[in-house]
Amino acid sequence: MGAHIRPALVLLIVLSVLTGLMYPAVVTGVAQLVFPRQANGSLIVRDGKVVGSSLVGQPFDDPKYFWGRPSATSPFPYNAGASWGSNQGPTNPALYEAVKGRVEALRTADPGNTAPVPVDLVTASGSGLDPHISPAAALYQVGRVAKARKLDEGVVRQLVEQHTEGRQLGMLGEPRVNVLALNLALEGR
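About the thresholds
Residues numbered from 1 in each chain as written. Predicted model: local features only at pLDDT ≥ 70, side-chain atom pairs only at ≥ 80, totals over all residues. Heavy atoms only, no water. Helix = DSSP H or I, 4+ residues; strand = E, 2+ residues; numbered from the N terminus. Buried < 20%, exposed > 50% of the residue type's maximum accessible area, 1.4 Å probe, protein only. Contact = heavy atoms within 4.5 Å. Areas by Shrake-Rupley, 256 points an atom, 1.4 Å probe, with all protein chains shown as cover. Lys, Arg positive; Asp, Glu negative; His and termini not counted. Charge placed at Lys NZ, Arg CZ, Asp CG, Glu CD. Phe/Tyr/Trp six-rings, centres within 6.5 Å; stacked < 30°, edge-to-face > 60°. Lys NZ or Arg CZ within 6 Å of the ring centre and 35° of its normal. Core = buried A, V, L, I, M, F, W, Y, C linked by side-chain atoms within 4.5 Å. Polar contact = N/O pair within 3.5 Å; in protein donor to acceptor, adjacent residues only side chain to side chain. Salt bridge = Lys/Arg side-chain N within 4 Å of Asp/Glu carboxyl O.

A. Examining the overall build of the protein chain more closely. For the protein chain, the count of helices and strands is seven helices and five strands. For the protein chain, the N- to C-terminal ordering of α and β elements is α-α-β-β-α-β-α-α-α-β-β-α. Burial status across the protein chain gives 30% buried among its 189 residues. Long-range pairs, those at least 24 residues apart, make up 54% of the contacts in the protein chain with a sequence separation of at least 6. Carbon and sulfur atoms make up 63% of the accessible area of the protein chain, which totals about 11,700 Å². Each charge sign in the protein chain was given a centre, from 17 positive and 14 negative side chains, and these centres are 5 Å apart.

B. Summary view of the packing of aromatic side chains. Enumeration according to the criterion identifies one aromatic pair in this entry. Seen from their ring centres, Phe60 and Tyr65 are 5.4 Å apart, and the 40° between their planes marks the pair as tilted. When its relative accessible area of 16% is taken as the criterion, Tyr65 is described as buried. Directly above the aromatic system of Trp67 lies the positively charged group of Arg144, at a separation of 3.9 Å from the ring centroid. Directly above the aromatic system of Tyr65 lies the positively charged group of Arg149, at a separation of 5.1 Å from the ring centroid.

C. Layout of the nonpolar core. Of all hydrophobic cores here, the largest spans 26 residues; its most connected members are Phe66, Leu106, Leu121 and Ile133. Secondary-structure elements contributing two or more residues to this core are helix H4 (135-140), helix H5 (142-149), helix H6 (153-162) and helix H7 (179-187). Per-element accounting of this core gives the leading share, six residues, to H7. Discounting chain neighbours no more than four positions away, the residues touching Leu121 are Trp67, Gly68, Pro70, Leu106, Ile133, Ala137, Tyr140 and Gln141.

D. Spatial organisation of the side chain of Gln141. The topology assignment puts Gln141 in the loop between H4 and H5. A polar side-chain atom of Gln141 sits 2.7 Å from the main-chain amide nitrogen of Trp67. A distance of 3.0 Å separates a polar atom in the side chain of Gln141 from a polar atom in the side chain of Arg144. Ignoring sequence-local partners within four residues, the contact set of Gln141 consists of Tyr65, Phe66, Trp67, Leu121 and Ile133.

E. Representation of the environment of Val179 in the model. Among the secondary structure elements, Val179 is positioned in helix H7. The class of Val179 is buried, set by a relative accessible area of 4%. Residues Val179 and Ala138, 41 residues apart in the sequence, show an inter-C-alpha distance of 8.3 Å. Not counting chain neighbours up to four residues away, the residues in contact with Val179 comprise Phe60, Phe66, Trp67, Gly68, Pro131 and Ile133.

F. Fine view of the pattern of salt bridges. One pass over the full model with this rule turns up five salt bridges. Linking Arg69 and Asp130 is a salt bridge whose minimum nitrogen-to-oxygen distance equals 3.7 Å. Here the residue Arg69 occupies a position in the loop between strand S2 (49-53) and helix H3 (93-109), and Asp130 occupies one in the loop between H3 and strand S3 (132-133), the gap between them amounting to 61 residues. For Asp130, a relative accessible area of 23% gives the class partly exposed.

G. Highlighting unusual backbone geometry. Despite not being glycine, Ser42 has its phi angle at roughly 50°, a positive value. By secondary structure assignment, the location of Ser42 is in the loop between helix H2 (36-39) and strand S1 (43-46). Owing to a relative accessible area of 4%, Ser42 belongs among the buried residues under this scheme. Phi angles above zero are rare outside glycine, and Asp47 is one such case at about 55°. Inspection of the secondary structure puts Asp47 in the loop between S1 and S2. Classification of Asp47 as exposed rests on a relative accessible area of 78%.

This is the structure in structure tokens:
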């Protein structure tokens, strides 16, 4: 039995060093050299201070800001340590009530807006962390944001258009707007 334990322990130590220390160090080093912004969380820095990540949404509820998709994470919205959706199907009464409440909140925040509410403003994404909304969802909010900031709607609409990202490689995904980047652009006005 002793003849088997020594080689097994040596192999355990060698593989632990290779796969537990050396491989992660090499991958981290390459990532830092080739993709430093992404390797560090795609952080958005404003005036030397980190204000968020372009990959994780943030809660905005002030009328002068664009609002993102609802987050189903707990114990607080956009909790990156608890990424998951609500797992509620379309026939679930709890989802129906949540969506109904979100639609009412949007209508209350902007009573003059009679346009149909875009679905991504009232349903959470699969991860609960989505930092993007559709261009339709951003345009839906232009009137409220412009009024709250005392800006011309055309100016706010132009900001939305400037911050609309196209499909990746021209064919993957859908056009989208990063809510944090758009709100930071608003702050710069």
